[in-house]
Structure formats: structure tokens, C-alpha cells
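# Summary of structural features
So you can see what is in the structure, the chains are spelled out below.
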Amino acid sequence: MPAVLEKPSQLFFAIAQTLRAIYPALKVGSPQEFDGTDDQPWVLIAIERDAPGQRANDGRIAHVLTVSLQVVMAVPGWDACDLAAELKHLVMDNRWGLSGDQCDLPTELDSLPSTFIHPARQYTAWTLSFSQTLYLGPTLLDDPLGIAKFARTWEVSNIDDPDQYIALEG
């Protein structure tokens, strides 16, 4: 059973781990980690936004994260675009090894040419962005005392009598 997701940064690390496993020759990190010391291609991961979303059925609070994967190449040309397109295929149906209860599939995939400027020079880049919803923390169905927070109970004298039941609202 996967660990319970508690914070947005866990998505960053899950994406990085997946990319490193699939593309071992690719350098993966945050924009702050880019050192510009060689001509290896990089994928720079950033969480750009954390917007609200619909609470999960189990009570977890939704975090709709906007993620960007910026492909940075030392050489000009279409290589950055091609790698971004390959990443788009990977991202499309990926939960990065995270639980489906806490991580929805990515949506709103978009890819654009970009530029990455490092103090030493300017790099050809292509940025793939997408939204991915995480439902963080433990479920709210049970509190630490074992009392269900959303439970509804009622008593009936005859369980087989449908007239003793009323529809629950909301």
C-alpha cells in the first residue's frame, strides 16, 4: 500500500523518480538545481500553482497542482520539442506510482516553446505543463477516536418495512 500523501512536494519527487528511471541519461531536477556545467539535456520540474478543487468522497482536501516540465537543451533545433512530445505521452496517463485514491490523472496538457536563461548562457527549451489533482492527508471518515465524522445512523423497529426509511439528503 502506497504511503499517504501529505504534501504537494511528494508529486515533485514522484515525477522526478519516474523520469530518472525511464530516462537514465536525462538530468532531472528543479530550476534551482540546473548547473549548466555540461551539454546534457535537462528536465526541470516546477509546481507553478496550487488551486482548490472538489473535496474527495472520503473527505480529503483537493489540491489542483499546475506542474511544468521544462526540457532544456544546449543545442538549438527541434530536439527539445521532440523530447517534450515524448514526455507528453508519458504524462498523459501517469499517476507517478502514487495511489489512485489520492492522485488523479493529469489534465490540461499543453506544450510551448520557451527559453531557459542561465547566467552563463541561454538555452533552447520547450515547456510541457499540466494540472494534476492530489487529495492530501488522511481520510476524514474516521477521526483518531474512531468516530466516523460523516456517518449517519437511524433506528428502525422492522428492518424489512420500507416505510420506516427516509431518503438522506446531501
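Placed above this text is the structure.
Let me begin by describing the structure that accompanies this report. Being a predicted model, the structure only gives us computed values, none of them experimental.

### Quick look at the sheet that holds strand β2 (residues 42-52)
Here five strands make up an open sheet; going across it, the order is β1-β2-β3-β5-β4 and the pairing mixed. Each edge of the open sheet carries a strand with a single partner, namely β1 (27-29) and β4 (107-118). Adjacent strand axes in the sheet meet at a mean angle of 25°, parallel and antiparallel pairs treated alike. Here β1 pairs with β2 via three bridges, running parallel. Residue pairing across strands places Gly29 opposite Leu44, the latter belonging to β2. Across the face of the sheet, helix α2 (residues 79-92) comes into contact with β2, β3 (61-73), β4 and β5 (121-136) while running at roughly 10° to β5.

### Some remarks on α2
For α2, spanning 14 residues, the distance from its first C-alpha to its last is 20 Å, which sits close to the expected 20 Å at 1.5 Å a residue. Listing the buried residues of α2 in full gives Ala80, Cys81, Leu83, Ala84, Leu87, Leu90 and Val91. Buried residues along α2 sit in contact with α1 (9-22), β2, β3, β4 and β5.

### Here we look at the packing of aromatic side chains
In the structure shown here, the tally under the stated rule is six aromatic pairs. Summarising the aromatic geometry, the rings of Phe34 and Trp42 are spaced 5.2 Å apart at their centres and angled 65° between planes, so their arrangement reads as edge-to-face. Overall, Phe34 belongs to the buried group, its relative accessible area being 6%. Relative to Tyr123, the ring of Phe116 lies with its centre 6.4 Å away and its plane at 50°, an arrangement referred to as tilted. Of the two residues, Phe116 and Tyr123, both sit in the buried class. Joined through ring pairs, the aromatic side chains of Phe34, Trp42, Phe116 and Tyr123 make up one cluster.

### Quick notes on the pairing of β3
Summarising the sheet, β2 and β3 pair through ten bridges and their orientation is antiparallel. By the bridge assignment, Ala46 is partnered in β3 with Ser68.

### A look at the environment of Ala51
Here Ala51 lies in strand β2. The exposure class assigned to Ala51 is buried, which follows from its relative accessible area of 11%. For the pair Ala51 and Thr66, spaced 15 residues apart in the sequence, the C-alpha separation amounts to 8.1 Å. In this structure, Ala51 is in contact with Ala62, His63 and Val64, ignoring residues within four places of it in sequence.

What counts as what
- Residues take numbers from 1 onward in each chain, read along the sequence in its written order.
- Local features in this predicted model are restricted to residues whose pLDDT is 70 or higher, and side-chain atom pairs enter the listing and the counts only when it is 80 or higher, whereas totals over whole chains, interfaces and linings include all residues.
- The basis for every side-chain value is the complete set of heavy atoms in the structure, and neither hydrogens nor water enter the calculation.
- Only strands joined by at least two bridges in the DSSP assignment are considered to pair.
- Working definition: helices are DSSP H or I runs of at least four residues, strands are E runs of at least two. Numbering for both runs from the N terminus.
- Fitted lines through C-alpha atoms serve as axes, helices being fitted only where they are in contact, and the angles separating the N-to-C directions of these axes extend from 0 to 180 degrees.
- Note on contacts: a residue pair qualifies if any of its non-hydrogen atoms lie within 4.5 Å across the two residues.
- Every helix has an expected span of 1.5 Å times one less than the residues it contains.
- Accessible area is worked out with a 1.4 Å probe on protein chains only. A residue is then buried under 20% of its type maximum, exposed over 50%, and partly exposed in between.
- Each aromatic pair joins two rings of Phe, Tyr and Trp (for Trp, the six-membered one) with centres within 6.5 Å, and gets the label stacked for planes under 30 degrees apart, edge-to-face for over 60, and tilted for any other angle.

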